[in-house]
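Now for the letters of each chain:
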Amino acid sequence: MDVMAEVGACCVAEVMGTELYTLTPDTVVASARRLAFDNGIDHLLVLENGTLAGIVCKDDLRFAARNALVSECMSSPVLCIAPDTTLREAAQIMIEQNVSCLPVVTGT
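Calculation notes
- Residues numbered from 1 in each chain as written.
- Predicted model: local features only at pLDDT ≥ 70, side-chain atom pairs only at ≥ 80, totals over all residues.
- Heavy atoms only, no water.
- Helix = DSSP H or I, 4+ residues; strand = E, 2+ residues; numbered from the N terminus.
- Buried < 20%, exposed > 50% of the residue type's maximum accessible area, 1.4 Å probe, protein only.
- Arc of directions from axis to C-beta.
- Contact = heavy atoms within 4.5 Å.
- Pairing = 2+ DSSP bridges.
- Right-handed = clockwise from strand over helix to strand, strands pointing away.

Among the secondary structure elements, Gln97 is positioned in helix 4 (residues 87-97). C-alpha of Gln97 to C-alpha of Leu79: the two residues are 18 residues apart in sequence and 8.8 Å apart in space.

Structural data, given as structure tokens:
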């Protein structure tokens, strides 16, 4: 098996980041921008009552008004994948759905 085929067959659980940055839908965009910038991250998860309600990326925040709420610029529902999804499958989903982030969730 060549290296690229081997990498593509690896599960996302083996390479995913585990540090999560979360907001609530009523977070002000300026605060969300600061959180993203201060931590050097591109995507923030939006939780409402402990449930994944949306996701925002730096571009969403950049084009939103500073005093707007995250709920106004977040993407929802969120396309998620399971930890046992292969990297190849995840890449294909991202291409087909034109997304730059796929949260990995269990128990869905």
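Resuming the write-up.
Looking now at helix 2 (residues 29-39). Along helix 2, the residues classified as buried are Val29, Ala30, Ala32 and Ala36. For helix 2, the buried positions fall inside an angular range of 160° around the axis, keeping them on one side. On its buried face, helix 2 sits against strand 1 (22-23), strand 2 (43-48) and helix 3 (58-63). Directly after helix 2, the chain includes Gly40, whose backbone phi takes a positive value near 60°.

This brings us to the pairing of strand 2. Of the strand pairs in this sheet, strand 1 and strand 2 are connected by two bridges, and their pairing is parallel. Pairing of Leu23 across the sheet is with Val46, part of strand 2. Considered for its hand, the β-α-β crossover made up of strand 1, helix 2 and strand 2 is right-handed. Across six bridges, the pairing between strand 2 and strand 3 (residues 51-57) is antiparallel. In the sheet register, Val46 faces strand 3, and the bridge partner there is Gly54. Connecting the antiparallel pair strand 2 and strand 3 is a turn made up of two residues, with Asn49 showing a positive phi of about 55°.

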